[in-house]
Protein chains: 2
Amino acid sequence: MTAQQASWIGVDWGTTNLRAFLVDASGNVIAELDSDRGMASLKPDEFENTLVTLIAPWLSDGVTIPVFACGMVGARQGWTEAKYRPVPCRLLRMSEFTRVATNDQRIDVYILPGLSQASPADVMRGEETQIAGFLASEPNYCGTVCLPGTHTKWVEIQDGVIGAFHTFMTGELFSLLSQHSILRHSIREGDEDPEAFMQAALAAADEPGSVALELFGLRAGSLLNDPQQQRVRPRLSGMVIGHEIGIASAFWAGSPIALIGAPELTSLYAKVLVAKGADIRIVDARMATLSGLAMAARQISAAAA
Amino acid sequence: MTAQQASWIGVDWGTTNLRAFLVDASGNVIAELDSDRGMASLKPDEFENTLVTLIAPWLSDGVTIPVFACGMVGARQGWTEAKYRPVPCRLLRMSEFTRVATNDQRIDVYILPGLSQASPADVMRGEETQIAGFLASEPNYCGTVCLPGTHTKWVEIQDGVIGAFHTFMTGELFSLLSQHSILRHSIREGDEDPEAFMQAALAAADEPGSVALELFGLRAGSLLNDPQQQRVRPRLSGMVIGHEIGIASAFWAGSPIALIGAPELTSLYAKVLVAKGADIRIVDARMATLSGLAMAARQISAAAA
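The structure displayed is predicted, hence computed values, not measured ones. (Residues numbered from 1 in each chain as written. Chains lettered and ligands numbered in written order. Predicted model: local features only at pLDDT ≥ 70, side-chain atom pairs only at ≥ 80, totals over all residues.)

### Some words on the overall build of chain A
The condition is simple: Every helix listed is a DSSP run of H or I at least four residues long, and every strand listed is a run of E at least two residues long, numbered separately from the N terminus. Radius of gyration here uses only the C-alpha atoms, and the compact-globule reference equals 2.2 Å multiplied by the residue count raised to the power 0.38. Partly exposed residues are those whose C-beta has more than 12 but fewer than 20 other C-beta atoms within 10 Å; with 20 or more the residue is buried, with 12 or fewer it is exposed, and the C-beta atoms are placed from the backbone. We call two residues in contact whenever the C-beta atoms placed from their backbones are within 7 Å.
Helix and strand counts for chain A stand at nine helices and 14 strands. Taking 19 Å as the expected radius of gyration for a compact globule of 305 residues, we find that chain A reaches 21 Å, a close match to that expectation. Along the three orthogonal principal directions, the C-alpha set of chain A runs to about 70 × 40 × 35 Å. Taken over 305 residues, chain A has a buried fraction of 48%. Restricting to contacts in chain A with at least 6 residues of sequence separation, those with at least 24 account for 67%.

### Some words on the interface of chain A and chain B
We apply this condition: Under the grouping applied here, Gly and all other residues not named as nonpolar or charged are polar, the nonpolar ones being Ala, Val, Leu, Ile, Met, Phe, Trp, Tyr, Cys and Pro and the charged ones Asp, Glu, Lys and Arg.
Listed per partner, the contact involves 30 residues of chain A and 30 residues of chain B. Among the secondary structure elements, those contributing two or more residues to the side of chain A that touches chain B are β9 (122–124), β12 (161–168), α3 (170–180), α5 (210–224) and α6 (232–247) of chain A. Per-element accounting of the side of chain A that touches chain B gives the leading share, nine residues, to α5 of chain A. When the residues that make up the side of chain A that touches chain B are grouped by side-chain class, the tally is 17 nonpolar, ten polar and three charged.

### So, the sheet that holds strand β1 (residues 6–13) of chain A
Residue and element names in this part refer to chain A. Rule in force here: The rule for pairing is simple: two strands pair if DSSP sees at least two bridges between them. Axis definition: a line fitted to C-alpha atoms, limited for helices to the stretch in contact. Angles are taken between N-to-C directions and run from 0 to 180 degrees.
Read across the open sheet, the six strands follow the order β3-β2-β1-β4-β7-β6; overall the sheet is mixed. Each edge of the open sheet carries a strand with a single partner, namely β3 (29–35) and β6 (98–100). Strand-to-strand twist of the sheet, defined as the mean angle between neighbouring strand axes without regard to direction, takes the value 20°. Bridge count between β6 and strand β7 (residues 107–111): three bridges; the pairing is antiparallel.

### A closer look at the nonpolar core
This is how the line gets drawn: Only buried Ala, Val, Leu, Ile, Met, Phe, Trp, Tyr and Cys residues enter a nonpolar core, and they are joined through C-beta atoms within 7 Å.
If you look at the biggest cluster of nonpolar residues, it comprises 192 residues, and the most contacted ones within it are Ala69 and Ile111 of chain A together with Ala69 and Ile111 of chain B. Those residues within four positions of Ala69 of chain A in sequence are excluded, and the remaining contacts are Val11, Trp13, Val109, Ile111 and Leu112 of chain A.

### Points about the relation of the copies chain A and chain B
How we decide: Least squares is the method for superposing the copies, and the C-alpha atoms it fits come from residues with pLDDT of at least 70 in both.
When chain A is fitted to chain B, the best match, at an RMSD of 0.1 Å, comes from turning it 180° and sliding it 0.0 Å along the axis. Such values leave the two copies arranged in the relation of a two-fold axis. Looking at chain A, 100% of its interface residues are interface residues in chain B too, so the copies touch through the same face.

### So, the packing of helix α4 (residues 194–206) of chain B against helix α8 (residues 263–275) of chain B
Residue and element names in this part refer to chain B. Basically, it comes down to this: In these notes the angle categories are as follows: under 35 degrees is roughly parallel, over 145 is roughly antiparallel, 65 to 115 is roughly perpendicular, and the rest is oblique. By definition, any crossing whose near helix is turned counterclockwise from its far helix by less than a right angle is left-handed, and any crossing with a clockwise turn is right-handed.
Between α4 and α8, the shortest axis-to-axis distance is 10 Å and the interhelical angle comes to 55°. Considered as vectors, α4 and α8 are oriented oblique to each other. Note that α4 runs across α8; the crossing there is right-handed. Within the contact between the two elements, α4 uses Phe197, Met198, Ala201, Leu202 and Ala205 and α8 uses Leu268, Lys271, Val272 and Ala275. Residues of the contact of α4 with α8, tallied by class, amount to eight nonpolar, no polar and one charged.

### Quick look at α4 of chain B
Residue and element names in this part refer to chain B. Inclusion rule: Given the number of residues in a helix, its expected span is that number minus one, multiplied by 1.5 Å. Of all possible arcs, the one meant is that of the directions from the helix axis to the C-beta atoms.
Between the first and last C-alpha of α4 there are 18 Å, a value that for 13 residues agrees with the 18 Å anticipated at 1.5 Å per step. Taken together, the buried positions of α4 are Ala196, Phe197, Ala200, Ala201, Ala204 and Ala205. The buried residues of α4 occupy one face: seen down the axis, they fall within an arc of 155°. The outward face of α4, more than 90 degrees from its buried face, is lined by the exposed residues Glu195 and Asp206.

### Section: helix α8 (residues 263–275) of chain A
All names here are of chain A. Along its 13 residues, α8 runs 18 Å from first to last C-alpha, staying within 8% of the 18 Å computed at 1.5 Å per residue. Listed as buried for α8 are Leu265, Thr266, Leu268, Tyr269, Ala270, Val272 and Leu273. Lining the buried residues of α8 we find β10 (143–147), α4 (194–206), α6, α7 (249–252), β13 (256–261) and β14 (279–284). Within two residues after α8, Gly277 carries a phi angle of roughly 85°, on the positive side.

### Thoughts on the environment of Pro234 of chain B
Residue and element names in this part refer to chain B. With respect to the secondary-structure elements, Pro234 resides in helix α6 (residues 232–247). Residue classification places Pro234 among the buried residues on the basis of 21 C-beta atoms within 10 Å. Between the alpha carbons of Pro234 and Thr16 there is a distance of 24 Å; along the sequence they are 218 residues apart. Sequence-distant contacts of Pro234, that is, excluding residues within four places in its chain, are made with Asp191, Glu192, Asp193, Ala196 and Phe197.

### Some words on the sheet that holds strand β5 (residues 85–86) of chain A
Residues and elements named next belong to chain A. Reading across from one edge, β5-β8-β9 is the order of the three strands in this open sheet, with mixed pairing throughout. The outermost strands of the open sheet, each flanked by one partner alone, are β5 and β9. Judged from the three bridges that link them, strand β8 (residues 115–117) and β9 form a sheet pairing that is antiparallel. Counterpart to Ser116 in the pairing with β9 is Val123.

### A closer look at the domain arrangement of chain A
Where interface size is given, it is often the accessible area lost as the parts come together that is meant. Just so we agree on the cut-off: Reported domain spans reflect what an automatic or database domain assignment gives.
Split by domain assignment, chain A resolves into domain 1 (6–125) and domain 2 (167–284). Distance between the C-alpha centres of domain 1 of chain A and domain 2 of chain A: 32 Å.

### Some details on the pairing of β7 of chain A
Every regular strand shows the same layout, with side chains that alternate between the two sheet faces. All names here are of chain A. By the bridge criterion, five bridges tie strand β4 (residues 65–70) to β7 in an arrangement that is parallel. Bridging across to β7, Phe68 finds its partner in Tyr110. Hairpin connection between β6 and β7: a loop of six residues separates the two successive antiparallel strands.

### Side note on unusual backbone geometry
Of the consecutive residues Val87 of chain A and Pro88 of chain A, the connecting peptide bond is found in the cis state with omega at -5°. With respect to the helices and strands, the residue Pro88 of chain A is situated in the loop between β5 and β6. One non-glycine residue with positive phi stands out, namely Arg231 of chain B, at about 50°.

### A look at the packing of α5 of chain A against α6 of chain A
All names here are of chain A. Viewed as axis vectors pointing N to C, α5 and α6 meet at an angle of 180°, and their least axial separation amounts to 11 Å. For the element pair α5 / α6, the angle class is roughly antiparallel. Together, Val211, Glu214, Leu218 and Ser222 of α5 and Val232, Arg235, Leu236, Met239 and His243 of α6 make up the contact between the two elements. Its residues placed into classes, the contact of α5 with α6 shows five nonpolar, two polar and two charged.

### Considering the environment of Ala220 of chain A
Residue position: Ala220 of chain A is located in helix α5. With 22 C-beta atoms packed within 10 Å, Ala220 of chain A lands in the buried category. With residues up to four places along the chain from it excluded, the contact list for Ala220 of chain A reads Ala121, Asp122 and Val123 of chain B.

### Some remarks on the pairing of β12 of chain A
Residue and element names in this part refer to chain A. Taken together, the six bridges between strand β11 (residues 152–158) and β12 define a ladder with antiparallel strand orientation. Looking at β12, one finds that Thr152 is bridged to Phe168. Between β11 and the antiparallel strand that follows it, β12, lie two residues; Asp159 among them carries a positive phi value of about 50°.

### Structural notes on the confidence of the model for chain A
Rules: Values of pLDDT, ranging from 0 to 100, describe the predictor's confidence in every residue of the model.
Of all residues in chain A, 98% attain a pLDDT of 70 or more, and the chain-wide mean is 94. Taken together, the chains of this predicted complex give a pTM of 0.93 and an interface ipTM of 0.92.

Dropping the structure here:
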């Protein structure tokens, strides 16, 4: 892990977490770190110190290393605002990276732009880099990319061009309902039940309107019946994911779907989509991010050459 | 306000608040108080002291006054559990009140039972007393009662018999989304816009599935456009209330509806329901509660006579 080998640093800097990669000229990861110093915990003038402190072992005096960052770090309340690029568009044009003025001369920081859609109004920050990473190996992909998460994105792609996209607040709704609503009294953490999940998910996908009707029943059922048998957590998870998949059918029916996200969550979406007859593949999220950041690194080094 | 005049005390003791009434033999309210010592803030052994401290000015040594309490005070985690009565049923039978053993001999406490429904599983505590109060003046009512609140109830009534009912978590969802989700960054407290509310509510009532599709758009719209113009609070309120009214149409289409609840919230439901062609009337919630508690008081005093 010396300055000779290292070629660039990539940072996936989200709302609650960041992950940084130290990468060599061939794209191999030399070192990697995770931190909970997400955008939401930082004031604009704290980003540089936070980053430099975390990656200090990767820096050398007298050497400037380029840093490519994606995600909420580029939001208005982030480090420096990186404007959204409107869809439809191709991804990752160097002219649209936002260069950040830093005090520390050992880093040269570029923030990647997010994407916006005028109507219906929608935005993303971070997912576009994963999509770019996926498209690096599939430049002519035609189909849907689904990125499950706190705010799940469904994205239409035609020949490598990002078209319409749509965000669902499913992950955040699940957190709010399971941790802060009356349902929390009926939730047992770690309660998993694939069958209860699937049953609830398929019912909700077939009839999305049933979710509002049945939500409070999760609580009432555990008051009136044996609470150990209620499987509220997997059923709630199935209800919100199934609801989204049912409502989002215009985005996936008849299209291939590439799923990019955390493995546990992505596998839940995959199970439901497969049961609904969808043609899915699962893409490794870490690899997609890294590969998207590497595209940015290649553009900057090509421009410098 | 002397012990001579007072005949009984009524307490509407909910999750977050309580309201107590001191009432004379003719049903007139002599005194009234509100407190934030709701069920959720109290351990079981704290209820008696809390109540006695609050109503101390209403108590006289050597005189025992009956107290009738409804609401979450009768929940398993409340003062003393008052069993649910299963629907269908008529309301408020004295034999099903739960008498509480107290240390203080100046009070004689009865908790009114809630209602339960086996399938689909559902429960209520407190609303049944308001319904009883409404039915006191309309004993042969046939139609729907809707009680907007944190957990809105829709209740079918035939000739004074409570039939099926259904709970929606709409009020709680609105609180969670407006105060704890990403949407909170786009919410301006006190922002009212009746037109924006109605437009969102009618769209959601006509197409309940649109809400999950459009939720994140409230945030994205305020990032991409003038945030002052977005009216996120009234639109979110319209979306969740309209969604409920659309999904609940089996409970109200073709039936008269009596709305019982806090005036601001009830008027929102009323506007949407009227626009959808429903036949509604608005019932004063405080009067309904008081009148339901008075029915309990009459039963106990008749039994004692």
